[in-house]
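So you can see what is in the structure, the chains are spelled out below.
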Amino acid sequence: MLIAANWKMNLDKYSIMSYIKQLETCNFSNDIKLCIFPPVIYINFLYELIKNTPILIGGQNCHYQPFGAFTGEVSAISLKEFDCKYVILGHSERRTYNKETNQNIKKCAESGIKAKLKPIICVGENINIRENGTAKNFIKKQIVESLPEKFDELTIAYEPIWSIGTGKIPEKAEINEMHKYIKEIVSSKTNKNINVIYGGSVNETNIKDILSAGNVDGVLVGGSSLKIKEFLAIYSSAVMYLKYIKVKD
Ligand code: PGA
């Protein structure tokens, strides 16, 4: 299971230091990969703080070229050099504000893979698409057009745009249905299994429902990952959930 903390453009040196001090005290589970995605400027600072812990670091984005005249961008190779393991690509905020397209996201994913990063490709429908009943077709197009040609390990984050930062989440059955659908699309195209994680208003109250929806391999947490107490509560609920399903099996 992957628990990803997407800090977006938040926190500063002092708050990161006190956050990690508290996070270090938690009982880490071998069954959970915990990855923080800080603003790019703090990657090295965070790396120094977490290097003796099981906490992983990822980039919030990477460019499709390894280097070049791309002012303000970050290369996958630079992320790898500072020990990033994952890279988030195609987050809906970047699709909206930076006009990222599926074709562009595919090239970024391929550049990430070349640099030995594990891509997390975000997909998700807006409220109009959900309400007119075409969400599945929309998600399929996003996936088919952004899927890298070759990959060993790939994660897709299903993040309905109407759920991000709003406190609203889909029904459990809807999460299961969409995650299953996403897995089917990818395996029919590539014969490979992937991980599908859920993102959008994940918090300490709904985490158990989300994880138990079926076909959920983890979560991408935004707002609730900024407050350490809330994030620790999410983490320990996930640990408890994994213990529960082990006993049940
Ligand atoms: P949220 O954000 O948890 O604040 O809804 C999730 C995301 O955008 O990745």
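For the structure given in this document, a descriptive report is provided here. All values reported here derive from a predicted model rather than from experimental measurement.

Topic: the site of the ligand
What surrounds the ligand is the set Asn-6, Lys-8, His-91, Glu-159, Ser-163, Ile-164, Gly-165, Gly-200, Ser-201, Leu-220, Gly-222 and Gly-223. The contact in question runs from an oxygen atom of the ligand to an N or O atom on the side chain of Asn-6, over 3.5 Å. Between the ligand and the protein, one listed contact pairs an oxygen atom with a side-chain N or O atom of His-91 at 2.7 Å. For the shell around the ligand, the residue count by class is two nonpolar, eight polar and two charged.

Let's talk about the sheet that holds strand β1 (residues 2–6)
Strand pairing in a sheet takes place through backbone hydrogen bonds and is either antiparallel or parallel in direction. Ordered in space as β1-β2-β3-β4-β5-β6-β7-β8, the eight strands form a closed barrel in which the pairing is parallel. For this sheet, the mean inter-axis angle between neighbouring strands, taken without regard to orientation, is 25°. Sheet topology places strand β5 (residues 118–123) next to strand β6 (residues 155–158); four bridges connect them, and they run parallel. The residue bridging Cys-122 from the neighbouring strand is Ala-157, located in β6.

So, the packing of helix α1 (residues 13–23) against helix α2 (residues 43–50)
It is at 10 Å that the axes of α1 and α2 come closest, and there the two elements cross at 25°. Judged by the inter-axis angle, α1 sits roughly parallel to α2. Pair α1 / α2 crosses with right-handed handedness. Residue-level inspection shows Lys-13, Ile-16, Met-17 and Ile-20 of α1 in contact with α2, the latter providing Phe-45, Leu-46, Leu-49 and Ile-50. Residue composition of the contact of α1 with α2, grouped by class: seven nonpolar, no polar and one charged.

Topic: α1
When we look at burial in α1, the residues that qualify are Ile-16, Tyr-19, Ile-20 and Leu-23. Looking down the long axis of α1, one finds its buried residues gathered within 95° of arc, a one-sided arrangement. Among the exposed residues of α1, those pointing more than 90 degrees away from its buried face are Tyr-14 and Lys-21. Buried residues along α1 sit against β2 (33–37), α2 and α10 (228–248).

Things to note about the packing of aromatic side chains
Enumeration according to the criterion identifies five aromatic pairs in this entry. Centroid distance Tyr-158 to Tyr-198: 6.3 Å. Interplanar angle 65°. Geometry classified as edge-to-face. Here Tyr-158, found in strand β6, pairs with Tyr-198, found in strand β7 (residues 195–199); they are 40 residues apart in sequence, far enough to count as distant. Each member of the pair, Tyr-158 together with Tyr-198, is buried. The structure contains a cluster of three or more aromatic residues connected by ring pairs, namely Trp-7, Tyr-19 and Phe-231. The residue whose ring lies beneath Lys-107 is Tyr-64, and the NZ or CZ to ring-centre distance is 4.1 Å. Lying over the aromatic face of Phe-151, Lys-192 brings its terminal NZ or CZ to 5.0 Å of the ring centre.

Parameters at a glance
By convention here, each chain's residues receive numbers from 1 onward along its written sequence. Predicted model: local features are reported for residues with pLDDT of at least 70 only, side-chain atom pairs are reported and counted for 80 or more only, and whole-chain, interface and lining totals are derived from all residues. No hydrogens and no water enter the side-chain calculation; it runs on all heavy atoms of the structure. Working definition: residue near molecule or strand if any one of its non-hydrogen atoms lies within 4 Å of it. Polar contacts, as used here, are pairs of N or O atoms within 3.5 Å; protein pairs need one atom able to donate a hydrogen and one able to accept it. Residues neighboring in sequence count only if both atoms are side-chain atoms. All residues other than Ala, Val, Leu, Ile, Met, Phe, Trp, Tyr, Cys, Pro, Asp, Glu, Lys and Arg, Gly among them, are scored as polar; the first ten of these are nonpolar and the last four charged. Whether two strands pair comes down to DSSP finding at least two bridges between them. Runs of H or I in DSSP of at least four residues are treated as helices and runs of E of at least two as strands, each being numbered from the N terminus. Angles shown run from 0 to 180 degrees and are taken between the N-to-C directions of axes, each axis being a line fitted to C-alpha atoms and, for helices, limited to the stretch in contact. Should an angle fall under 35 degrees it is called roughly parallel, over 145 degrees roughly antiparallel, and 65 to 115 degrees roughly perpendicular, with every other angle called oblique. With the far helix as reference, a near helix turned anticlockwise by less than a right angle produces a left-handed crossing, and one turned clockwise produces a right-handed crossing. It only takes one pair of heavy atoms within 4.5 Å for two residues to be counted as in contact. Between buried and exposed lies partly exposed: a residue is buried under 20% and exposed over 50% of the maximum accessible area for its type, with that area taken using a 1.4 Å probe on protein chains only. The arc in question is the one traced by the directions running from the helix axis out to the C-beta atoms. In this analysis, rings of Phe, Tyr and Trp, with Trp reduced to its six-membered ring, are considered paired at centre separations within 6.5 Å, and the interplanar angle assigns stacked below 30 degrees, edge-to-face beyond 60, and tilted for intermediate values. Counted as over-ring charges are cases with an Arg CZ or a Lys NZ within 6 Å of the ring centre that also lie within 35 degrees of the ring normal.

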